[in-house]
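Read off the chains here:
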Amino acid sequence: MADGPHVTIWNEYRHEKSDENVAEIYPQGIHGTLDAMLKEAGFEVRTATLDEPEHGLPEEVLDTTDVLLWWGHVAHDEVSEETVDKVHERVLGGMGLIVLHSGHFSRIFKRLMGTTCDLKWRLDDTERLWVVAPGHPIAEGLGEYIELGEEMYGEPFDVPQPDELVFVSHFGGGEVFRSGLCYRRGRGRVFYFRPGHEENPSYHNPDVQLVIRNAVRWAAPTPGAAPVYGHYEPID
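### Regarding the packing of aromatic side chains
Move 1: Evaluation of the coordinates by the stated rule reveals 10 aromatic pairs.
Move 2: Look at W130 and Y145: their rings are 4.8 Å apart centre to centre, the planes differ by 55 degrees, and that puts the pair in the tilted class. With W130 in strand β5 (residues 120-131) and Y145 in strand β6 (residues 145-154), this pair connects stretches of sequence that are 15 residues apart.
Move 3: According to the relative accessible area criterion, W130 is partly exposed, its value standing at 31%.
Move 4: Ring geometry for F191 against F193: centres 5.9 Å apart, planes inclined by 20 degrees, an arrangement best described as stacked.
Move 5: Residue F191 is classed as buried on the basis of its relative accessible area of 1%.
Move 6: The buried category is assigned to F193, whose relative accessible area is 1%.
Move 7: Grouped by ring-pair contacts, the aromatic residues F109, Y153, F157, F177 and Y192 constitute a single cluster.
Move 8: Its guanidinium or amino end placed over the ring of Y145, R128 lies 4.7 Å from that ring's centre, counting from NZ or CZ.

Calculation criteria
- Sequence order as written defines the numbering, with residues in each chain counted from 1.
- pLDDT decides what is reported in this predicted model: residues at 70 or higher carry local features, side-chain atom pairs at 80 or more are listed and counted, and totals for whole chains, interfaces and linings draw on all residues regardless.
- Side-chain figures throughout are based on the complete set of non-hydrogen atoms in the structure, without hydrogens or water.
- Here a Phe, Tyr or Trp ring, Trp counted by its six-membered ring, pairs with any other such ring whose centre lies within 6.5 Å, and the pair is stacked when the planes are under 30 degrees apart, edge-to-face when over 60, and tilted otherwise.
- Only DSSP runs of H or I with at least four residues qualify as helices, and only runs of E with at least two residues qualify as strands; both kinds are numbered from the N terminus onward.
- Buried, partly exposed and exposed residues are distinguished by accessible area as a fraction of the type maximum, computed with a 1.4 Å probe on protein chains only: under 20%, between the cut-offs, and over 50%, respectively.
- Only when the NZ of Lys or the CZ of Arg is both within 6 Å of the ring centre and within 35 degrees of the ring normal is a charge said to sit over the ring.

Now the structure itself:
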């Protein structure tokens, strides 16, 4: 897909280096698993991690990124304000952003949402992730639901009402959660997708992988005239 979306996968990459169980599930890091899956589907992909210079997201990387995937958990506060500013600017300008699992607490997602993005949680549960928008492009190719062993996230989820709701999860303890939310911010498309706790192999699940591939296509910028702002002379 030489003319398809150019994807950058950003991963905090801390758990995989400090926890043997996580390293066994994701020996190349969560970003490595997602990288291999998206490349197999024909996307142009690169990866970036927190501890690289500029967190792996210098201007030249962001300038050539159509869709940015974001996974973080224990080091949200280590992401520099400069990087958040740059990503925020690119999203408003049209770059797609896919925020995964605990990335709901990332500085960039909280800035784009303008809320705390808080929720309730519990480890080691069962999740049935229901497709509630069967005709949506992100749900293309799925059945009625996806079954996973996962961390529980529960409502209330302190985010704005989404433009579109694609998935709702039900957990073994009875909780429910809005697990696939679509937003537009400026010219950019933002998708939040809930599964992906580091101790669960969810990113190896074929249906989860399909959702992420579909989301990349959905979030990619579409051609069109650039908006014009400010004082404007009459056309005629």
